[in-house]
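Remarks on the overall topology
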Amino acid sequence: MRADMYEVSQYVSGSWQPGASGRRLTVLSPVDDSPVTEVAISSEDDVAAAVATARAASLEWAATAPAARAAALHAAADAVAAAADELAEIMTAEMGKPVGGARESIMAGVGTLRQYAELGPTHRGRTLAGDSAAIDLMAYEPRGVVAVITPWNDPVAVSCGLLGAALATGNVVIYKPSERTPATGWRLAQLLAEHFPAGVFSLLNGDGPVGAALAASAVDVVAQVGSTATGRSIAAACARTGAKALLENGGSDPVIVDAGVDPAWAASQVALGAFVNSGQICVAVERVYVHRDVAGAFLEALENEAEQWESRIGPMVDRRMRDAVDEQVQQAVKEGARVLRGGTAPAGPGAFYPPTVLADCTHDMAVVREETFGPVAAVVTVDSFSSALSLAADSPYGLAASVLTTSMSNAQLAWRRLPAGTVKVNNVFGGAPGGAAHPRRGSGQGFGYGPELLDEMTAMKAVHIEAPPQGW
Ligand code: NAD
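In this text the structure is predicted, and so the values were computed from the model without any measurement.

1. Quick word on the side chain of Arg 187
- Looking at where Arg 187 falls in the secondary structure, it is placed in helix H6 (residues 182-193).
- Arg 187 has contacts with Glu 86, Leu 87 and Ile 90, leaving out every residue within four places of it along the chain.

Shown next, in the form of structure tokens:
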């Protein structure tokens with residue numbers, strides 16, 4: 001092992017130790033293929049021990065005053081903020097995001113931890129009067145043990161959301177970060193865990209089988225952000241154990257470019273949506289339906305945008321992901337798509353892929369129908385806004401969608417008709433910090449993010465109280 005490599009340990013039963021499975025994994029740099037991180041993978045016994053420890057700690061943490069839980073979360077957020085530079089360096093080394101963007105996303109995670117620290121103590125139930133001698137209370141209670149299983153593409157911010165909401169509401173957590181960013185997850189866990197009582201925070205390391213063992217164990221919630229295929233297998237595991245599955249999964253987000261918009265502005269929006277983080281964002285722009293009236297000018301502007309993005313993006317996370325994206329691009333080309341920019345994986349080390357613009361795509365191509373987790377804008381030209389709407393709506397996913405339009409009535413039609421959890425008008429990203437998301441279809445189930453995530457992490461108890469009868 002190289003001296004400057006990260007050696008990742010797990011945190012189970014209050015001690016940092018290597019995973020006991022005997023299996024190891026090595027993360028390679030997406031820039032030059034050199035080894036970055038070594039992981040001793042957690043065993044099934046480690047999973048069982050983490051669950052037992054968490055269960056034993058859960059009652060006391062649930063009974064801890066919400067303000068005290070919030071104070072611990074604030075202290076944890078301060079620790080992550082103080083280590084943001086170091087954490088950004090690890091994230092960049094493992095998954096390739098340029099370090100400035102990595103730092104920004106870590107600070108977004110810190111913001112989320114703080115938000116949940118503030119919101120936790122104000123998360124309240126309701127009352128309902130019966131007759132004059134009776135009242136019903138509806139009180140939120142923590143669900144118990146929450147397994148938090150996360151992806152690599154925004155590893156700190158996504159983890160902070162689920163961990164923060166679970167901890168603020170009095171749950172204990174078992175965290176299993178992605179096998180692509182284990183050192184990022186391990187360092188984050190180190191920064192967070194010390195602010196909570198023993199057993200409240202555990203860390204397991206490893207790949208799909210470790211996640212699957214955790215999802216099948218006696219936990220109360222499995223909160224997962226990741227691919228649709230993984231989400232489906234977690235839902236099946238939860239159906240067997242009775243745990244609640246909270247799933248934020250993949251998407252194939254459309255953007256509609258309406259007639260009458262400034263084509264240069266629309267191209268800059270689409271390029272941002274398709275290329276930032278090398279297209280590896282759940283709500284990245286994946287398919288573009290452009291009105292024929294503006295298609296020519298828009299495509300020309302998008303080609304220029306792609307050229308400018310070439311010097312701004314980092315590599316993709318690894319060769320496997322890059323090859324999958326390249327395969328979708330090559331298949332689209334065989335089926336008649338025209339490459340305006342990019343479209344070829346460069347020779348040499350690492351997992352680089354250029355910003356790619358495909359024109360003349362059709363709605364049935366895999367690059368349009370499936371999630372393409374890379375820097376690719378697949379453009380379909382349409383004859384009317386209504387045909388753009390029907391094509392955009394026809395998808396196995398339902399994560400988010402955008403419409404770029406100067407028409408208020410088309411904006412209204414779009415948000416009403418598009419079957420996605422989030423619809424954005426005139427911005428491909430945006431959305432207030434702390435906003436909720438509620439994916440549909442293959443994109444998951446339950447609220448991820450926002451104050452509503454506190455509801456997901458808790459169970460509502462109905463209590464009926466009557467005054468004692470006269471004469472007691
Ligand atoms: P992934 O599903 O391969 O892995 C996610 C996590 O699940 C990892 O920790 C992994 O080890 C674990 N896992 C894998 N197989 C498992 C199994 N059978 N049981 C339990 N756990 C298992 O996803 P990824 O490649 O890390 O992330 C990219 C995906 O995440 C994309 O599809 C992206 O759209 C999605 N994503 C969604 C959101 C959102 O908010 N909707 C946010 C970020 C990423």
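There is more to say after this.
2. Brief notes about the site of the ligand
- Near the ligand lie 29 residues; those nearest to it are Lys 176, Glu 179, Ser 227, Thr 230 and Glu 371.
- A distance of 3.3 Å is found between a nitrogen atom of the ligand and a backbone nitrogen or oxygen belonging to Ala 212.
- Between Gly 226 and the ligand, the recorded distance is 3.4 Å, taken from a backbone N or O atom to an oxygen atom.
- About the coverage of the ligand: the protein hides 90% of its 850 Å² of free accessible area.
- When residues of the shell around the ligand are traced back to their parent elements, those giving at least two are helix H7 (208-215), strand S11 (221-225) and helix H8 (228-241).
- For the shell around the ligand, the per-class residue count stands at twelve nonpolar, twelve polar and five charged.
- Domain assignment of the residues forming the shell around the ligand places at least three in each of domain 1 (6-249 + 443-461) and domain 2 (253-425).

3. A short note on the nonpolar core
- In terms of nonpolar packing, the biggest core is built from 112 residues, with Val 80, Ile 174, Phe 201, Leu 214, Cys 361, Val 367 and Met 457 touching the most fellow members.
- Among the elements that take part in this core, helix H5 (residues 155-168) stands out by supplying nine residues, more than any other.
- Both of domain 1 (6-249 + 443-461) and domain 2 (253-425) provide at least three residues apiece to this core.
- Ranked by size, the runner-up nonpolar core spans 28 residues in total, among them Ala 267, Val 290, Trp 309 and Val 357.

4. Thoughts on unusual backbone geometry
- Even without glycine at this site, Ser 13 takes up a positive phi of about 50 degrees.
- Positionally, Ser 13 belongs in the loop between strand S2 (10-12) and strand S3 (15-17).

5. Some thoughts on the pairing of strand S19 (residues 400-404)
- Taking burial as the measure, the five residues of S19 include five buried ones, the bulk of the element.
- By the alternation rule, side chains of S19 split into Ala 400, Ser 402 and Leu 404 and Ala 401 and Val 403, which are all buried.
- The sheet contact formed by strand S13 (residues 253-257) and S19 spans three bridges and is parallel. Bridging across to S19, Ile 256 finds its partner in Val 403.
- Pairing analysis gives four bridges linking S19 to strand S20 (residues 422-425), with the strands arranged parallel.

6. Re the sheet that holds strand S6 (residues 126-129)
- On the basis of which strands lie adjacent, the open sheet formed by three strands has the order S6-S7-S23 and antiparallel pairing. The sheet is open, and its two borders are formed by S6 and strand S23 (458-466), each paired with just one other strand. Strand-to-strand twist in this sheet, taken as the mean axis angle between neighbours without regard to direction, amounts to 20 degrees.
- Across four bridges, S6 lies against strand S7 (residues 134-142) in antiparallel orientation. Bridge pairing in S7 places Arg 126 opposite Met 138.

7. Some words on the sheet that holds strand S5 (residues 35-40)
- Pairing in this open sheet of three strands is mixed, and the strands run S1-S5-S4 from one edge to the other. For this open sheet the edge positions go to strand S1 (6-8) and strand S4 (24-28), each flanked by a neighbour on one side alone. Across this sheet, the average inter-strand angle for adjacent strands is 20 degrees, counted without regard to direction.
- The pairing of S4 with S5 spans five bridges and is classified as antiparallel. Within S5, the position partnered with Thr 26 by the bridge is Glu 38.
- Taken strand by strand, H6 contacts S1, S4 and S5, and its axis lies near 65 degrees from that of S1.

What counts, and where the lines are drawn
Each chain has its residues counted from 1, running along the sequence as written. Under the rules for a predicted model, residues below a pLDDT of 70 receive no local features and side-chain atom pairs below 80 are neither given nor counted, while totals for whole chains, interfaces and linings still include all residues. Calculated side-chain values reflect all of the structure's heavy atoms, with hydrogen atoms and water omitted. In this text, helices come from DSSP runs of H or I with a minimum length of four residues, and strands from runs of E with a minimum of two, each type numbered from the N-terminal end. Here, two residues are considered to be in contact whenever any of their heavy atoms come within 4.5 Å of each other. Nearness is defined per residue: one heavy atom within 4 Å of the molecule or strand is enough. Within 3.5 Å is the distance limit for a polar contact, defined as a pair of N or O atoms, with the added protein rule that one can donate a hydrogen and the other accept it, and that residues adjacent in sequence qualify only through two side-chain atoms. Here the Shrake-Rupley method, with its probe set to 1.4 Å, supplies the accessible areas, and only the displayed protein chains count as covering residues. Residues are grouped as follows: Ala, Val, Leu, Ile, Met, Phe, Trp, Tyr, Cys and Pro are nonpolar; Asp, Glu, Lys and Arg are charged; every other residue, Gly included, is polar. Domain ranges listed in this record stem from an automatic or a database domain assignment. Buried Ala, Val, Leu, Ile, Met, Phe, Trp, Tyr and Cys residues form a nonpolar core when they are joined through side-chain atoms within 4.5 Å. Burial status follows relative accessibility: with a 1.4 Å probe on protein chains alone, a residue under 20% of its type maximum counts as buried, one over 50% as exposed, and anything between as partly exposed. Paired strands, in this sense, are two strands between which DSSP finds at least two bridges. Note on definitions: angles span 0 to 180 degrees between N-to-C directions of axes, and those axes are lines fitted to C-alpha atoms, for helices only across the stretch in contact.

Interpretation in functional terms is not warranted from these geometric data alone.
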